[in-house]
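# Tertiary structure, described
These are the residues of each chain, in order.
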Amino acid sequence: MAAAVSVIVPHFNQKALLALCLESLERQTLARERYEIIVGDNLTPGGVDDIKKRFPRVIVAEARERGAAPARNAALALATGDAIAFTDSDCVAAPDWLKTGLAALESADLCGGRIEVTAAEGARLTAVEAFERVFAFRQRDYVERKRFAATANLFARRAAADAIGPFTNGLSEDVDWCRRGAALEIRLAFNDKSIVSHPARRDWSELVRK
């Protein structure tokens, strides 16, 4: 039976963070039989058998081409949901993330949710973390002014996702994907109630890599 929503998580070599993400996804207030979780893994060194053993209900799709876009595409190829929910392997979803995200799709085709940037509790912020807390993931601004939503927290009706097609590697794939949707007159909205948290990057090397 098809799921109500397929959760798509791209991953490469961040297994500790991925485990935290998957724990948050397994704790959703939406009934577990109504959603599936699919990790698109970029051939993490050593494999992810430990993740599969710890989270036996999570589906893992292998993406041989490096990049978040191919990882999402590999996961999407296995998705059965009537809706698609995108997040990242270093994000932690609020318990009602799926419920509130699906509710928002009743009035839009794509919905970008709120992304809260966090830093290590009790730690003194680095300059980069302070910058990130102010300027990273300004999702409302992305949606309302720039016509895209970061895939750290993005919901899509299945028909809209199918119409837009696969993500394109080698560029800002979430910007490209949402703007291709806008060209098809697919409606994008901001949803303040559906929340994930994302750790601030601690140094310039992490920021540059992003």
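Below or above, wherever it landed, is the structure these notes cover. Model, not experiment: these values are computed from the prediction. (Residues numbered from 1 in each chain as written. Predicted model: local features only at pLDDT ≥ 70, side-chain atom pairs only at ≥ 80, totals over all residues. Heavy atoms only, no water.)

## Looking at the overall build of the protein chain
Rules: Numbering goes from the N terminus for both helices and strands, where a helix is a DSSP run of H or I of at least four residues and a strand is a run of E of at least two. We call a residue buried when its accessible area falls under 20% of the maximum for its residue type, exposed when it is over 50%, and partly exposed in between, using a 1.4 Å probe and counting protein chains only. Throughout, a residue-residue contact means that at least one pair of heavy atoms, one from each residue, lies within 4.5 Å. Using the Shrake-Rupley algorithm and a 1.4 Å probe, accessible areas are obtained, with residue cover drawn only from the displayed protein chains.
Along the backbone of the protein chain there are nine helices and eight strands. The burial tally for the protein chain puts 51% of its 210 residues in the buried class. For the protein chain, the proportion of contacts with a sequence separation of at least 24, taken over those separated by at least 6, is 76%. When the accessible surface of the protein chain is totalled, it reaches about 10,300 Å², and 51% of it is carbon and sulfur.

## Observations concerning the nonpolar core
Applicable threshold: The set of buried Ala, Val, Leu, Ile, Met, Phe, Trp, Tyr and Cys residues whose side-chain atoms join them within 4.5 Å is what this entry labels a nonpolar core.
Counting residues in hydrophobic clusters, the biggest one holds 60 residues, and the most contacted among them are Val7, Leu22, Leu25, Trp97, Leu98 and Trp177. With near-sequence residues (within four places) excluded, Trp97 lies in contact with Val7, Leu25, Gln28, Ala85, Phe86, Thr87, Asn153, Phe155, Ser194, Ile195 and Val196.

## So, unusual backbone geometry
The phi dihedral of Asn13 falls on the positive side, at around 55 degrees, and the residue is not glycine. Since its relative accessible area comes to 45%, Asn13 is described here as partly exposed. One non-glycine residue, Leu43, lies in positive phi territory at about 55 degrees. Note on placement: Leu43 falls in the loop between strand E2 (35–41) and helix H2 (49–54). Judged by relative accessible area, which is 35%, Leu43 ranks as partly exposed.

## Topic: the pattern of salt bridges
What counts here: One speaks of a salt bridge when a side-chain nitrogen belonging to Lys or Arg is within 4 Å of a carboxyl oxygen belonging to Asp or Glu.
Within the structure shown, the criterion is met by 16 salt bridges. A salt bridge links Arg114 to Asp192; the shortest N-O distance between them is 2.9 Å. Residue Arg114 is located in strand E6 (residues 110–118), and its partner Asp192 is located in strand E8 (residues 188–199); the two are separated by 78 residues in the primary sequence. For Arg114, a relative accessible area of 26% corresponds to the partly exposed category. The partly exposed category is assigned to Asp192, whose relative accessible area is 36%. When the shortest N-O distance is used, the salt bridge between Arg140 and Glu144 registers 3.3 Å. One end of the pair, Arg140, and the other, Glu144, are both in helix H6 (residues 139–146), four residues apart, so they sit about a helical turn from each other. Since its relative accessible area comes to 42%, Arg140 is described here as partly exposed. Relative accessible area serves as the criterion here: at 53%, Glu144 is assigned to the exposed category.

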